[in-house]
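# Reading the structure
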Amino acid sequence: MAEIIIVDSQEQAGDIYAHCVADLIESKPNAVLGLATGSSPLVAYERLAALIKERKLDVSGVQGFALDEYVGLDPEHPESYRSTINRTVTVPLGLNPQSVHVPNGDPAGLQTAGAAYDAAIEEAGGIDIQILGIGSDGHIGFNEPGSSLASGTRMKTLTEQTRIDNARFFDNDIEQVPVHCITQGIGTIMKARQLILLAFGKGKADAVAAAVEGGVSSLCPASALQFHPHATVIVDEEAASKLIHADYYRYAYEHKPEWQRI
Ligand SMILES: N[C@@H]1[C@@H](O)[C@H](O)[C@@H](COP(=O)(O)O)O[C@@H]1O
C-alpha cells in the first residue's frame with residue numbers, strides 16, 4: 001500500500017482530498033474526477049466546494065464519472081446515485097451537469113452499458129483522481145466480495161448485507177433496495193491515475209485492516225489497492241484501530257518530505 005494517513009477528523013481528511021483536487025484543477029482545467037456516493041466522501045466534497053470558491057477555480061472543463069448506480073431505480077428517485085451525485089457533488093462544486101456521468105441503470109440497456117461507460121472514461125482521457133469509500137465487507141464501488149480484480153464496469157448483484165446497510169436510505173425497508181447495480185469494475189478503478197480511499201468509524205476497522213494489511217484477495221475487493229502505484233488510504237483513529245502497523249504509518253507520514261505528500 002502506497003500511503004496510509006491517520007487523521008483526527010473527517011475535516012482533516014477532507015482538506016487533504018480537497019487540496020489535492022484543487023491543485024489538479026489548477027494545473028489541468030479539464031481534469032477528470034472519479035466520484036463516489038456514501039457518507040464517507042461528504043465532508044471532502046464540502047471542503048472542495050469551499051476551496052473552489054476561495055481560489056476562484058474555473059471548473060467548466062472538469063468532468064466527473066460516478067462509480068456506480070442502482071439498476072431499475074428511476075434516475076429521478078432521490079436515492080438514485082444520479083440524484084445523490086447531483087446533490088452532493090455537481091451542484092455544490094458548480095460542475096456542468098452534462099459533464100458528470102453516472103452508469104446507466106436502465107435494465108433495458110444493461111448488456112452494453114458497462115462497456116460503453118468504460119469507453120466513455122477512456123475517451124475523456126482516463127480518471128485523474130478517484131475518491132473511494134469502503135463497504136463494511138471491503139467492497140469498493142459496488143464490487144462485492146468475490147468480484148474479479150480485473151473487472152470492467154458491469155451489472156452486479158448486491159449482497160444482502162449491503163442491501164441491509166443501504167435500507168436506511170429507503171425507509172428502512174430492504175424490499176425497496178434494488179437487488180442489482182451497475183458498478184465500475186475493480187479493473188476500471190485501478191486504471192485511475194490516483195486513488196484516495198476514505199474510511200471513518202470503528203465499523204470500518206476490519207475492512208480497512210483486511211484491505212491494507214491482509215493478502216490481496218477478491219474476498220476483500222479493496223485489497224486490490226495494494227497493487228496501485230498511487231493509492232492513499234485516509235482513516236480516522238477508529239477506522240485505523242485494527243491496523244498492526246499504525247505507529248509506523250504515523251511515523252512515516254511525519255517524516256515524509258513535503259514534496260512526497262499527496
Ligand atoms: N456503493 C457505495 C460505496 O461506494 C460506498 O463506499 C459504501 C460505503 O458507504 P459509506 O461511506 O456511507 O459508509 O456504500 C455504498 O455501497
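So, here is what we can say about the structure in this document. Quick caveat: nothing in here was measured; it's all calculated off a predicted structure.

Here is what the cut-offs are and how they apply
- Residues numbered from 1 in each chain as written.
- Predicted model: local features only at pLDDT ≥ 70, side-chain atom pairs only at ≥ 80, totals over all residues.
- Heavy atoms only, no water.
- Near = heavy atom within 4 Å.
- Polar contact = N/O pair within 3.5 Å; in protein donor to acceptor, adjacent residues only side chain to side chain.
- Areas by Shrake-Rupley, 256 points an atom, 1.4 Å probe, with all protein chains shown as cover.
- 1 Å grid on protein atoms, 1.4 Å probe; cavity = no way out; pocket = protein on both sides within 12 Å on 5 of 7 lines; lining within 4 Å.
- Sits in = over half its atoms within 2 Å of the grid points.
- Nonpolar A, V, L, I, M, F, W, Y, C, P; charged D, E, K, R; others polar.
- Points joined across faces, edges and corners; volume = space filled by probe spheres on them.
- Helix = DSSP H or I, 4+ residues; strand = E, 2+ residues; numbered from the N terminus.
- Pairing = 2+ DSSP bridges.
- Axes fitted to C-alpha atoms, helices over the stretch in contact; angles between N-to-C directions.

Taken together, 13 residues form the shell around the ligand, and within it Ser-39, Ser-40, Asp-68, His-139 and Lys-204 come nearest. One of the side-chain nitrogen or oxygen atoms of Ser-40 is found 2.5 Å away from an oxygen atom of the ligand. In the environment of the ligand, an oxygen atom lies 2.8 Å from a nitrogen or oxygen atom belonging to the side chain of His-139. For the ligand, whose accessible area on its own is 390 Å², the fraction buried by protein is 92%. When atom positions are compared with the pocket grids, the ligand is found to occupy the largest pocket. Residue composition of the shell around the ligand, grouped by class: 3 nonpolar, 7 polar and 3 charged.

Attention now goes to the layout of surface pockets. For the largest pocket, the calculated volume is near 740 Å³. Thr-37, Gly-38, Ser-39, Asn-166 and Arg-168 are, among the 35 residues lining the largest pocket, the residues nearest its centre. Elements supplying a minimum of two residues to the lining of the largest pocket: strand E4 (68-70), helix H3 (81-93) and helix H5 (160-166). If you tally residues by element for the lining of the largest pocket, the top one is H3, at 4 residues. Of the residues contributing to the lining of the largest pocket, the split by class is 12 nonpolar, 16 polar and 7 charged.

Our next topic: the sheet that holds strand E8 (residues 180-183). An order of E4-E8-E7 is seen for the 3 strands of this open sheet, with the pairing classed as antiparallel. At either end of the open sheet lies a strand with only one pairing partner, and these are E4 and strand E7 (154-157). Each neighbouring strand pair of the sheet contributes to a mean axis angle of 30°, computed without reference to strand direction. Bridge analysis of E4 against E8 gives 3 bridges, and the strand direction is antiparallel.

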